[in-house]
Amino acid sequence: MPRSSPQPVVISPSRARRIWLHAQCLDVDTPFGAGPAATRAAVEHLGYVQIDTIHVIERCHHQILYTRIPRYRREDLQQAQSVDKSVFEYWTHALAYVPTRDLRFFRRAMRRDWRGASSWFSAVRPADLRKVMQRIRRRGALTIRDIDDDELVEKDHEWASRKPSKRALQLAFFQGRVVVSARQGMLKTYALAERHFDWASPPAAATEREIREYLLDRALRSQGLVSLDSICHLDAPRKASIRALIERRVRAGTLVPVHFDGAGRTAYWASPEAIEAGGDSATAVHILSPFDPLLIQRRRTQQFFGYEHRFEAYVPKAKRQFGYLAQPVLVGDEFVAALDLKADRARGRLLVQQWTWLGRQPRRALTPRIEEALHRFERFQLPGLAP
């Protein structure tokens, strides 16, 4: 007879939240220390830090790191990427900073038939790809602005460029032939991967079995409690094989099923150590980017916190509830407000354009602490301000 599945360990919703917050290192003040080493350690622990173009306030990758490294400096990420080369850019569920130690888990993706799999890249002409690769080999690292001899074309997408070389560079990036060696805002400098990393040969690609182990372990480390949806975010084809891996670990006793009110029919698992080690009641105030790992999987956030975040940058103004780029405010283990912020760089001010209160406590009870966090956040946003 087949062995019956073990009964889930039942925990309270508050315990579930604390386990996730502990895994995200949001329940302690300085989990990674400071300086470039802290940036490397944070990216390695989280597994990836998402990059996005929106610049109403600071870019989301800087904000995600600041949230976990109070003394974070933008120069620390620059050093990790361009000098120490301990992080690199690639695609996870979106463009992200990824630990260089994990690069081999992305080599199989780099070897995909990107032209055949994507209409975006199928339009890249072989001559344009040869042109950018030859130029980088001869002249060294370059940005798209350094290419001034393209025959311009009409855009076929609002995010496209009139320069064919830009899409060719993007294809070479996804193929792992070039790497983003530096970034200034959203302007990327591309270098040959072997030169940037000083490779004699690239690392061997991980096997599919090793990739599954990596994805599960990454999720367990940064999420504490995991589901198939949270492990395979925007990667549904791997769900069946990941589930089989989870079931093997459950049989081995290294994972246990977990249930909490709010999870509904979603199955969750955790290591016994994570259940025991989940942090104490958190009290810190965090102003979170809508691209923070605590928020990017909206359904998961709603299950754990009862908070349904709205990303309204692409919603018509008249239909917005929280604002263009609302920043959720987490106090302890509760989302208490959503602040629509904007950096007025000309006047050196952080503007609160809309304050939506969501908390169970009266707003006046927490306002002083939130305002203190806003002042710190303003100094981070606009580093020229006096302390």
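Residues numbered from 1 in each chain as written. Predicted model: local features only at pLDDT ≥ 70, side-chain atom pairs only at ≥ 80, totals over all residues. Heavy atoms only, no water.

Draft legend 1. Fine view of the sheet that holds strand S9 (residues 285-287). In space, the four strands of this open sheet follow the order S9-S10-S11-S12, with antiparallel pairing throughout. The strands lining the two open edges of the sheet, one partner per strand, are S9 and strand S12 (349-357). Going across the sheet, the axis of each strand differs from the next one's by a mean of 30 degrees, ignoring polarity. The sheet contact formed by S9 and strand S10 (residues 326-331) spans three bridges and is antiparallel. For Ile287, the partnering residue across the bridge sits in S10 and is Val329. (Pairing = 2+ DSSP bridges. Helix = DSSP H or I, 4+ residues; strand = E, 2+ residues; numbered from the N terminus. Axes fitted to C-alpha atoms, helices over the stretch in contact; angles between N-to-C directions.)

Draft legend 2. Here's a closer look at the nonpolar core. In this structure, Phe88, Ile231, Ile246, Val329 and Ile370 are the most contacted members of the largest nonpolar core, which totals 92 residues. Membership of the second largest hydrophobic core comes to 25 residues, among which are Leu21, Phe260, Ile275 and Ala326. (Core = buried A, V, L, I, M, F, W, Y, C linked by side-chain atoms within 4.5 Å. Buried < 20%, exposed > 50% of the residue type's maximum accessible area, 1.4 Å probe, protein only.)

Draft legend 3. Molecular detail of the sheet that holds strand S8 (residues 268-270). The three strands lie next to each other as S1-S7-S8, forming an open sheet whose pairing is mixed. Among the strands making up the open sheet, the edge pair consists of strand S1 (9-10) and S8. Where S1 meets strand S7 (residues 256-259), two bridges bridge the pair, whose relative direction is parallel. Within S7, the position partnered with Val9 by the bridge is Val258.

Draft legend 4. Seen up close, the side chain of Ser230. Within the secondary structure, Ser230 sits in helix H12 (residues 228-231). The residues contacting Ser230, other than those within four sequence positions of it, are Gln223, Gln297 and Arg300. (Contact = heavy atoms within 4.5 Å.)

Draft legend 5. Broad picture of the packing of aromatic side chains. On inspection of all chains with the given rule, the structure shows 26 aromatic pairs. The interplanar angle of 75 degrees and the centroid separation of 6.2 Å between the aromatic rings of Phe106 and Tyr214 together place this pair among those described as edge-to-face. With a gap of 108 residues between them, Phe106 in the loop between strand S4 (95-99) and helix H5 (107-110) and Tyr214 in helix H11 (residues 208-223) connect regions that are remote in the sequence. The exposure class assigned to Phe106 is buried, which follows from its relative accessible area of 7%. Using a relative accessible area of 10% as the deciding quantity, one classes Tyr214 as buried. Taken together, a centroid distance of 6.2 Å and an interplanar angle of 90 degrees make the contact between Trp114 and Phe121 edge-to-face. In this structure, Trp114 and Phe121 share a single accessibility class: buried. Members of the aromatic cluster, joined through ring pairs, are Phe88, Tyr90, Trp91, Phe105, Phe106, Trp114, Phe121, Phe173, Phe174 and Tyr214. Just above the ring of Phe380 sits the side chain of Arg74; from NZ or CZ to the centre is 4.3 Å. (Phe/Tyr/Trp six-rings, centres within 6.5 Å; stacked < 30°, edge-to-face > 60°. Lys NZ or Arg CZ within 6 Å of the ring centre and 35° of its normal.)

Draft legend 6. Just the pattern of salt bridges, in detail. All chains considered together, the criterion is met by 25 salt bridges. Among the ionic pairs, Lys131 bridges to Asp150, the shortest N-O distance being 2.4 Å. Placement of the pair is Lys131 in helix H8 (residues 126-139) and Asp150 in the loop between H8 and helix H9 (164-174), with a sequence separation of 19 residues. We classify Asp150 as buried; its relative accessible area is 14%. The partner of Asp235 in a salt bridge is Arg238, with the nearest N and O atoms 2.9 Å apart. Connected through salt bridges with shared partners, the residues Arg40, Glu44, Arg101 and Asp102 form a single ionic network. (Salt bridge = Lys/Arg side-chain N within 4 Å of Asp/Glu carboxyl O.)

Draft legend 7. Inspection of the state of the cysteines at higher detail. Taken as a whole, this structure holds zero disulfides when the rule is applied. Unpaired in terms of disulfides, Cys25 finds its nearest cysteine sulfur in Cys60, a separation of 18 Å. Since its relative accessible area comes to 11%, Cys25 is described here as buried. (Disulfide = S-S within 2.5 Å.)

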